[in-house]
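A look at the structure
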Amino acid sequence: MTIRVVVADDQELVRAGFAMILAAQPGIEVVAESGDGFEAVGAARAHRPDVVLLDIRMPGMDGIEAARIICAETDCRVIMLTTFGQDGYLFDALRAGASGFLLKDVRRDDLVHAVRMVAAGDSLLAPSVTRTLIAAFTSGAVVPPPRTERLDVLTARERETLRLLGCGLSNAEIAVALVVSEHTVKTHVSNVLTKLGLRDRVQAVIAAYETGMVIPGGFAD
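Here is a short report on the structure shown in this document. (Residues numbered from 1 in each chain as written. Predicted model: local features only at pLDDT ≥ 70, side-chain atom pairs only at ≥ 80, totals over all residues. Heavy atoms only, no water.)

1. Digging into helix α9 (residues 182-196)
- With 15 residues, α9 extends 21 Å between its outermost C-alpha atoms, agreeing within 8% with the 21 Å of an ideal straight helix rising 1.5 Å per residue.
- Along α9, the residues classified as buried are V185, H188, V189, V192, L193 and L196. The arc that holds the buried residues of α9, viewed along the axis, is 130°, so those residues lie on one side. In α9, those exposed residues whose orientation departs by more than 90 degrees from the buried face are H183, K186 and T194. (Helix = DSSP H or I, 4+ residues; strand = E, 2+ residues; numbered from the N terminus. Expected span 1.5 Å × (residues − 1). Buried < 20%, exposed > 50% of the residue type's maximum accessible area, 1.4 Å probe, protein only. Arc of directions from axis to C-beta.)

In structure tokens:
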């Protein structure tokens, strides 16, 4: 199946370069290029791509707002394009529904791999990166009041799985902690995502913090 992609960046050379690399790959089709957030949203609505590459900082509408709209209105999965020095935007991008991040100086092979991985339903953050990222943005930040009513749909074991996801554990690490097989963990993770209406494990990490399952620095009491 062909992976349909929209590339959105206000820098024409960056946008054209990414589009050229992706279009040259078997099984990937670049269906549109956009120079700002408004165009990106329009392209996502019109073409319904599988993946949208979004620059975080664009004129008119930035990538975070565009990601929020795209993720709310479509099934497209979003990868944010960023540079060093823009880390302050990453947590907002996660909350908007982004499935991962790429630096603009990403290598060709890593770009292609990222698009394929996200299109397949995976998130573009390793558990260790998720752990570091969430810790960085929740330390010193105001933690929202827990919305524990969201958890009523989960079984006790699924709540445990969400708690461990919130600490950035991999499936293998969760399996050890719960003394179950990795296959069982995958089932629990899938159930958590489905029941809470989450796109991937990155959003599950956010949900773990928002519901008070996990607090900065470790588990909730």
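2. Some thoughts on the packing of helix α2 (residues 37-47) against helix α3 (residues 63-73)
- Contact geometry of α2 with α3 gives a least axis separation of 9 Å together with a crossing angle of 15°. Considered as vectors, α2 and α3 are oriented roughly parallel to each other. Considering the relative orientation of α2 and α3, their crossing is right-handed. In this structure, α2 uses G37, A40, V41, A44 and R45 to contact α3, whose residues at the interface are A66, I69, I70 and E73.
- Its residues placed into classes, the contact of α2 with α3 shows six nonpolar, one polar and two charged. (Axes fitted to C-alpha atoms, helices over the stretch in contact; angles between N-to-C directions. Parallel < 35°, antiparallel > 145°, perpendicular 65-115°, else oblique. Left-handed = near helix turned anticlockwise from the far one by under 90°. Contact = heavy atoms within 4.5 Å. Nonpolar A, V, L, I, M, F, W, Y, C, P; charged D, E, K, R; others polar.)

3. Concerning α3
- Listing the buried residues of α3 in full gives G63, I64, A66, A67, I69, I70 and C71.
- A side-chain oxygen of the first residue of α3 lies 3.2 Å from the backbone nitrogen of I64; this N-cap is D62. (Polar contact = N/O pair within 3.5 Å; in protein donor to acceptor, adjacent residues only side chain to side chain.)

4. Regarding the pattern of salt bridges
- Enumeration according to the criterion identifies ten salt bridges in this entry.
- Residues D55 and K104 are paired through a salt bridge, measuring 3.2 Å at the closest nitrogen-oxygen approach. Highlighted residues: D55 in strand β3 (residues 51-55) and K104 in the loop between β5 (100-103) and α5 (108-119), separated in sequence by 49 residues.
- Under the relative-accessibility criterion, D55 is labelled buried at 1%.
- Its relative accessible area of 19% is what places K104 among the buried residues.
- What you see here is one network of salt bridges that share partners, running through D9, D55 and K104. (Salt bridge = Lys/Arg side-chain N within 4 Å of Asp/Glu carboxyl O.)

5. Comments concerning the sheet that holds β5
- As summarised here, the arrangement of the five strands in space is β2-β1-β3-β4-β5, forming an open sheet in which the pairing is parallel. What marks the edges here is a single partner per strand, and that holds for β2 (28-34) and β5. Along the sheet, successive strands turn relative to each other by an average axial angle of 25°, direction set aside.
- One ladder, built from four bridges, connects strand β4 (residues 77-82) with β5; its direction is parallel. The partner of I79 across the bridge, within β5, is G100.
- Contacts from helix α1 (residues 12-23) reach β1 (3-8), β2, β3 and β4 within the one sheet, and its direction differs from that of β2 by about 165°. (Pairing = 2+ DSSP bridges.)

By themselves these figures say nothing about function.
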